[in-house]
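# Understanding the architecture of this molecule
Spelled out, the chains give:
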Amino acid sequence: MKLLWFLSLQLALWGCTCYAAYEFDVPPYALRRAIQNCCNSRLLRVLKDLEEGHSLTIAVVGGSFSLPDRIGADDVWFSQLVRYLRATYPRANITAINAAVGASSAGFGYLCLDKMLPPEVDLVFLDYGPNVVNWSCDITGQHQYYEQLIRRLLAYPGNPAVVAIEQLLPNKKPMYMYSEVTASALYRYYDMPYISVSTGIYRLQALNLSGFAEHEIRVPNRVWGFWHYNARGHKLVLDMVVYMLQSATASNLAGIWPEQTDPFWVDEVPGGRTHTTLLPQHPVKQPLLCIMPDELHTYVDSHEGWEFGADDPNKRKYGYISYHNESSGADNRLLIKWDPSAIANADAKSTSFVLILVYLASYSGMGKATLSCSGGCTCGVQTINANITNFSISQVRPVSVNLVASSQSPGSSAAAACQVEVVNTSKGGKYSKFKVTGFVLAEMYPGREKEIGKVAFMNHEGSVRKATVG
């Protein structure tokens, strides 16, 4: 075995690639344990394109574990990876997108993926594990969303390589409570490589090795204890990603991997994708609109008593804000409209749609509102209480929407537009505020309306963060 790996590394060095100097902090046996299901034809194609100096786009989609928390953006594992790849493959033209959104879930990634990634992307890292926690080992709505997200990414125009990252949860959570229990079955089913940071570091912590304890790899959080990685924690994640890429390259050059066909395609039939999902199908068939704060104004028809802005200390949570004063006797009404063209990509026979209102929930001054539909659509009236304890986070309210028959015809007039009205019904005083940060429209599988609760998703700031690195 040692001879085989020696030959593999020699072949890698005799090839065109000269690896940039890299020093691993994770010991070799932990690196080996962390790399799972490597490697498939898509990942090997990406490595070949890097070697040949092509233009590639790489991205990370996920939650806050791929964002900086009291560290510099350059210290995040993804930013470090981009620097490593550019140093290792200087002829390649690498575009990098960090599309992570704090406290977001797989549902948000699936419904808003078009806002996060361009059509052509070559390598995508998925980092949703911490927010798809498997508390009871059941297959939840988020795991079903996650499978849809995986399938949607694998079917992207450029057939990107998709690599999942399963993070180590903090505060000594037992391994059976990790999303990885369920997600690893998805990765095997779709022949996806994945990196188990949890497996790699869990034993190192159990052995009390210096440099891997919670206080050494994470920043403290006043609510959750230790949570996000510090600069060293991000370096440990980077170690595992680099080890996977180096191992795949060396093994491929040594001829260990035979010629592969694309694992997402069945029986080498062009256009024949994997015929069925592994998990029970989620009730959402496909996303149609994902409207976040930056374009919400284009769908707002009137906003009497509402103003667009960000009133949080960091000026990041933008949306339409209303402060209701009961003594004024006036209702603060926000009218959102979308026309029949919004459902142009839906099945022509579809009768089931869901509108998901995104709003700010907080302990600080938040009140209540009602949501209703009119014009080209109808829906049940919703009462929304945005006051919660301890946290300030975006939440969603899904509601089944029925389209008026005439609104679906190509020649329908502007009057057939669907109108969604949000009215601030707070009593005023201390709890008088309501903030709308966006909405999502999706097509549901017919007859699945009773599963409306599964349509929920998480996103923290109500927006998509798309940053090009370098």
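I will try to describe carefully the structure that is included in this document. Please read these numbers as outputs of a predicted model, since none were measured by experiment.

Think of a sheet as strands paired side by side through backbone hydrogen bonds, with each pair either parallel or antiparallel. As summarised here, the arrangement of the 5 strands in space is S10-S13-S19-S15-S17, forming an open sheet in which the pairing is antiparallel. One side of each edge strand has no neighbouring strand; the edge strands of this open sheet are strand S10 (300-304) and strand S17 (382-385). The average undirected angle you get between the axes of adjacent strands in this sheet is 20 degrees. Pairing of S10 with strand S13 (residues 332-338), which is carried by 4 bridges, proceeds in the antiparallel orientation. Looking across to S13, one finds that His303 is bridged to Leu334.

On to the pairing of strand S20 (residues 433-444). The element S20 is extensively covered by neighbouring structure, given that 12 of its 12 residues are classed as buried. In terms of strand pairing, strand S9 (residues 284-291) meets S20 through 6 bridges, oriented antiparallel. If you follow Pro287 over to S20, its bridge partner there is Ala442. Two elements, strand S12 (residues 319-323) and S20, share 4 bridges in a ladder whose sense is antiparallel. Considered in S20, the bridge of Ser322 is made with Phe434. Summarising the sheet, strand S14 (residues 353-362) and S20 pair through 7 bridges and their orientation is antiparallel. Its bridge partner lying in S20, Tyr359 is registered against Val436.

This part is about unusual backbone geometry. Cis geometry is adopted by the peptide bond preceding Cys39, which originates at Cys38 and carries an omega value of 15 degrees. With respect to the helices and strands, the residue Cys39 is situated in the loop between strand S1 (35-36) and helix H3 (41-51).

Below, the discussion takes up the nonpolar core. Judged by nonpolar contacts, the single largest core of 51 residues is most densely connected at Leu50, Trp77, Phe78, Leu81, Leu85, Phe125 and Val197. In terms of residue count, the dominant contributor to this core is helix H11 (residues 231-253) (9 residues). Counting 47 residues, the second-largest nonpolar core is a separate cluster that includes Tyr110, Val124, Leu153 and Leu154.

With respect to the secondary-structure elements, Gln142 resides in helix H7 (residues 141-154). A relative accessible area of 16% means that Gln142 is categorised as buried. Among the polar contacts made by the side chain of Gln142, one reaches the main-chain amide nitrogen of Gly107 at a distance of 3.2 Å.

In this section: the state of the cysteines. Here the structure, examined in full by the defined rule, presents 4 disulfides. Residue Cys112 pairs covalently with Cys290 via a disulfide, S to S 2.1 Å. When the S-S torsion is 90 degrees, as for the bridge of Cys112 with Cys290, the disulfide is right-handed. With a gap of 178 residues between them, Cys112 in the loop between helix H5 (106-111) and helix H6 (113-116) and Cys290 in strand S9 connect regions that are remote in the sequence. We classify Cys290 as buried; its relative accessible area is 7%. Shown here is the disulfide that connects Cys377 with Cys418, its sulfur atoms set 1.8 Å apart.

Moving on to the packing of aromatic side chains. Enumeration according to the criterion identifies 17 aromatic pairs in this entry. Arranged with centres 5.3 Å apart and planes meeting at 80 degrees, the rings of Phe65 and Tyr229 form a pair that is edge-to-face. One end of the pair, Phe65, is in the loop between strand S2 (55-62) and helix H4 (77-88); the other, Tyr229, is in strand S8 (residues 225-229), and 164 residues separate them in sequence. Between the aromatic rings of Phe308 and Tyr320, the centroid separation amounts to 5.3 Å while the plane-to-plane angle is 65 degrees, which identifies the pairing as edge-to-face. Taken as a pair, Phe308 in strand S11 (residues 306-309) and Tyr320 in strand S12 lie far apart in primary sequence, 12 residues in all. By relative accessible area, which is 6% here, Tyr320 ends up buried. Linked through ring pairs, Tyr22, Phe24, Tyr84 and Tyr243 together constitute an aromatic cluster. In this arrangement the basic side chain of Arg152 is found over the ring face of Tyr110, its NZ or CZ atom lying 5.9 Å from the centre. One cation-aromatic arrangement involves Arg232 over Phe212; the distance from NZ or CZ to the ring centre is 5.1 Å.

All right, on to a nonpolar patch on the surface then. On the surface, a nonpolar cluster with roughly 260 Å² of combined accessible area is contributed by Tyr29, Leu207 and Leu209. Topologically, Leu209 is positioned in the loop between helix H9 (197-206) and helix H10 (214-217).

Here we take up the packing of H4 against H11. For the pair H4 and H11, the least separation of the axes is 8 Å and the interaxial angle reads 45 degrees. One finds that H4 runs oblique with respect to H11. Regarding H4 and H11, the two cross each other, and that crossing is right-handed. Contacts from Trp77, Gln80, Leu81, Tyr84 and Leu85 of H4 reach H11 at Ala231, His234, Lys235, Val237, Leu238, Val241, Val242, Leu245 and Gln246.

As a further point, take helix H8 (residues 180-189). Those residues of H8 that sit buried are Glu180, Thr182, Ala183, Ser184, Leu186 and Tyr187. Considering only its buried residues, H8 is in contact with H7, strand S5 (161-166), strand S6 (194-196) and H9. With its phi angle positive at about 55 degrees, Asp191 sits one or two positions after the end of H8.

So, how was this worked out
- Residues numbered from 1 in each chain as written.
- Predicted model: local features only at pLDDT ≥ 70, side-chain atom pairs only at ≥ 80, totals over all residues.
- Heavy atoms only, no water.
- Pairing = 2+ DSSP bridges.
- Helix = DSSP H or I, 4+ residues; strand = E, 2+ residues; numbered from the N terminus.
- Axes fitted to C-alpha atoms, helices over the stretch in contact; angles between N-to-C directions.
- Buried < 20%, exposed > 50% of the residue type's maximum accessible area, 1.4 Å probe, protein only.
- Core = buried A, V, L, I, M, F, W, Y, C linked by side-chain atoms within 4.5 Å.
- Polar contact = N/O pair within 3.5 Å; in protein donor to acceptor, adjacent residues only side chain to side chain.
- Disulfide = S-S within 2.5 Å.
- Phe/Tyr/Trp six-rings, centres within 6.5 Å; stacked < 30°, edge-to-face > 60°.
- Lys NZ or Arg CZ within 6 Å of the ring centre and 35° of its normal.
- Patch = residues over 30% accessible without salt bridge, like charges linked within 9 Å, V, L, I, M, F, W, Y side chains within 5 Å.
- Areas by Shrake-Rupley, 256 points an atom, 1.4 Å probe, with all protein chains shown as cover.
- Salt bridge = Lys/Arg side-chain N within 4 Å of Asp/Glu carboxyl O.
- Parallel < 35°, antiparallel > 145°, perpendicular 65-115°, else oblique.
- Left-handed = near helix turned anticlockwise from the far one by under 90°.
- Contact = heavy atoms within 4.5 Å.

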